[in-house]
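The lines below spell out each chain.
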Amino acid sequence: MTLLGRLPPDRVTRPALALLALVVWSVFAAVHAHVKPADYYVFWEAARHTAAPYDPALITALEARLHITGAWPFVYPPTFLLVAWPFAQLPLALAYPLWTGVSSGLFIYAASHLVKPAWASLALFVAPPVVLAIAPGQTSLLVGAAMIGGWLLREERPRLAGLLFAVAVCIKPQAMILAPVVLWGHWRLARWALIGCLALVLASFVFGPGLWLQWPRALADFGHVTPATDRVNPSALAASPWLAATLALLGLYIAWTWRDLTGLVVGALCLTPYAHQYDLAPLAPVALTWLAERARYGWGRALLGATLLAGLVSAPAMGLAFVAGVAAVGAGGPLHRFAVPLPRWGRRTDVYDA
């Protein structure tokens, strides 16, 4: 019997991988807490001051108290506080490792359902988009876990899938901006996603309905500082309304032609004004699948997957090249017939659509 034949089945491997991610990245966060990841510290501080989480004075006080720099204002929707608040009741030295471990554990568990075999998900432990989400305590892994789970359950359990998509929307709305396009026709799922969003919005009223009036002002103020950040979204290159409109149309085209996680993540890059490399983390398991199963998906997708996993999509110009590549090899794209091997007689022709 070969070594691969002695490996445990995926139903055992997946929770084991999730537990490993939780332990490894919790320890990493605890050991590296002295680095003071400003992103999570902002979430923690805002969730401890739910009466006025968008007050700029909170960030000023946080930087002075913890001797950190580079903390950006809190601009997440009030619904995000429902997720962050329980962690904020803990000391920061415990909250950050726990947040990091839980986020990475959920993400790896969800990702291991996409990657075949599941143990190959170990490669995601060192993938730059994933690591760059873990280190600062970002939300991309939680959002990615919800997006992947919702996508995988869309046919068999549309209610749960809709609720998972609602969680992703209520944490990071811009990541789900093209969900209506990608999920067009999944009406039961959409109905439950809407129900979930409304329920979470109502639940956020526990912090005060006035936060929904403060949030748009915080977003407007944040728009003045985004040009100074290291973005990867090609829309950062849009120096004119015409170019911005062209990119928006390209994003809609990708979302409509792919109609899967790729269309959801890559299409949003063309529309959102602000995205970092860690916002590509939800696509990392798909990229790994393209690379690992290149005989099935073709060298076009394999090359795109390798580019993402190597961390090369790290600037707006590379983001534009990546988006163009996705558009070219997608269904209907000019390079589509070179991206997926032509079917042979008697061979399975169902192509995995994630």
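Residues numbered from 1 in each chain as written. Predicted model: local features only at pLDDT ≥ 70, side-chain atom pairs only at ≥ 80, totals over all residues. Heavy atoms only, no water.

K.L.:
Pulling in residues and values, what's your account of the overall build of the protein?
P.N.:
A tally of regular secondary structure across the protein gives 19 helices and zero strands. For the protein, the residues scored as buried account for 50% of the 354 residues in total. Long-range contacts, defined as pairs at least 24 residues apart, comprise 76% of the intrachain contacts of the protein with a sequence gap of at least 6. (Helix = DSSP H or I, 4+ residues; strand = E, 2+ residues; numbered from the N terminus. Buried < 20%, exposed > 50% of the residue type's maximum accessible area, 1.4 Å probe, protein only. Contact = heavy atoms within 4.5 Å.)

K.L.:
So what about helix α15 (residues 284-292)? Which residues, and what values?
P.N.:
Given 3.6 residues per turn, any residue in an α-helix points the same way as the ones three and four places further on. Counting buried residues along α15, seven of its nine residues qualify, which places the element largely inside the surrounding structure. By the burial criterion, the buried members of α15 are A284, P285, V286, A287, L288, T289 and W290.

K.L.:
Break down the nonpolar core for me, citing the residues and quoting the values.
P.N.:
If you look at the biggest cluster of nonpolar residues, it comprises 99 residues, and the most contacted ones within it are Y40, F74, F80, L124, V130, M147 and F322. For F80, the contacting residues outside a window of four places in its chain are F43, F74, W99, T139, C170 and I171. (Core = buried A, V, L, I, M, F, W, Y, C linked by side-chain atoms within 4.5 Å.)

K.L.:
Now, about empty space enclosed by the protein: what can you tell me, with residues and values included?
P.N.:
Tallied over the full model, the rule gives two cavities of 30 Å³ or more. Considering only enclosed or pocket space, the largest cavity measures out at about 170 Å³ in volume. Lining the largest cavity are 14 residues, with Q174, A175, V265, A268 and D279 sitting closest to its centre. Going through the elements one at a time, α8 (140-152) and α14 (261-271) are the ones with two or more residues in the lining of the largest cavity. Looking at the lining of the largest cavity, its residues break down into nine nonpolar, three polar and two charged. Of the volumes computed, that of the second largest cavity is approximately 40 Å³. (1 Å grid on protein atoms, 1.4 Å probe; cavity = no way out; pocket = protein on both sides within 12 Å on 5 of 7 lines; lining within 4 Å. Points joined across faces, edges and corners; volume = space filled by probe spheres on them. Nonpolar A, V, L, I, M, F, W, Y, C, P; charged D, E, K, R; others polar.)

K.L.:
A description of the packing of helix α5 (residues 80-88) against helix α6 (residues 92-111) should follow, citing residues and the corresponding values.
P.N.:
Relative to each other, α5 and α6 sit at 125 degrees, their axes nearing to 9 Å. In terms of orientation, α5 and α6 fall into the oblique class. Judged by residue contacts, F80, V83, A84 and F87 of α5 engage A95, L98 and W99 from α6. In the contact of α5 with α6, the residues fall into seven nonpolar, no polar and no charged. (Axes fitted to C-alpha atoms, helices over the stretch in contact; angles between N-to-C directions. Parallel < 35°, antiparallel > 145°, perpendicular 65-115°, else oblique.)

K.L.:
Could you give an account of the packing of aromatic side chains, naming the residues involved and the relevant values?
P.N.:
Two aromatic rings are characterised by how far apart their centres lie and by the angle between their planes. All chains considered together, the criterion is met by 18 aromatic pairs. A ring pair is formed by F87 and W99, whose centres lie 5.2 Å apart and whose planes are at 80 degrees; its orientation type is edge-to-face. Remark: W99 occurs in helix α6 and F87 occurs in helix α5; sequence separation between them is 12 residues. When the ring centre of W151 is taken as origin, the NZ or CZ atom of R154, which lies over that ring, is 3.7 Å away. (Phe/Tyr/Trp six-rings, centres within 6.5 Å; stacked < 30°, edge-to-face > 60°. Lys NZ or Arg CZ within 6 Å of the ring centre and 35° of its normal.)

K.L.:
Help me get a handle on the pattern of salt bridges, residues and values and all.
P.N.:
Within the structure shown, the criterion is met by three salt bridges. Across the pair R65 and E45 runs a salt bridge, and its minimum N-O distance is 2.9 Å. Of this pair, R65 sits in helix α4 (residues 56-66) while E45 sits in helix α3 (residues 38-48), and the two are 20 residues apart along the sequence. Salt-bridge contacts for R296 lead to E293; the nearest nitrogen and oxygen are separated by 3.5 Å. The exposure class assigned to R296 is partly exposed, which follows from its relative accessible area of 28%. (Salt bridge = Lys/Arg side-chain N within 4 Å of Asp/Glu carboxyl O.)

K.L.:
Run through the layout of surface pockets, naming residues and quoting values.
P.N.:
Its boundaries defined by the atoms lining it, the largest pocket holds a volume of some 820 Å³. Taken together, 34 residues form the lining of the largest pocket, with Q138, F222, Y274, H276 and Y278 sitting closest to its centre. In the lining of the largest pocket, the residues fall into 21 nonpolar, nine polar and four charged. As a volume, the second largest pocket reaches approximately 400 Å³. Lining of the second largest pocket is provided by 17 residues; of these, L106, A110, A145, A146 and L164 occupy positions nearest its centre. At the level of secondary structure, the elements contributing two or more residues to the lining of the second largest pocket comprise α5, α6, α8 and α9 (158-171). Top contributing element to the lining of the second largest pocket by residue count: α8, with five residues.

K.L.:
Explain the side chain of K172 residue by residue, including any values.
P.N.:
Following the sequence through the fold, K172 ends up in the loop between α9 and α10 (179-182). A relative accessible area of 6% means that K172 is categorised as buried.

K.L.:
Tell me about the confidence of the model for the protein, residues and numbers included.
P.N.:
Model confidence for the protein is summarised by a mean pLDDT of 88, while 88% of its residues fall at 70 or above. Contacts for the low-pLDDT stretch residues 342-354, under 50 throughout, to residues beyond four places or in other chains number 22 contacts. (pLDDT = per-residue confidence, 0-100.)

K.L.:
Just give me the short version of the environment of R48, but keep the residues and values in it.
P.N.:
Within the secondary structure layout, R48 lies in helix α3. Accessibility expressed as a relative area gives 44% for R48, which makes it partly exposed. Between the C-alpha atom of R48 and that of L81, which follows or precedes it by 33 residues, the distance is 9.3 Å.

K.L.:
An account of a nonpolar patch on the surface is needed here, citing residue identities and associated values.
P.N.:
A contiguous nonpolar patch, built from L19, L22, V23, V27 and V31 and spanning about 420 Å² of accessible area, is present on the exposed surface. Residue placement: V23 occurs in helix α2 (residues 10-31). Note on V23: relative accessible area 41%, which makes it partly exposed. (Patch = residues over 30% accessible without salt bridge, like charges linked within 9 Å, V, L, I, M, F, W, Y side chains within 5 Å. Areas by Shrake-Rupley, 256 points an atom, 1.4 Å probe, with all protein chains shown as cover.)

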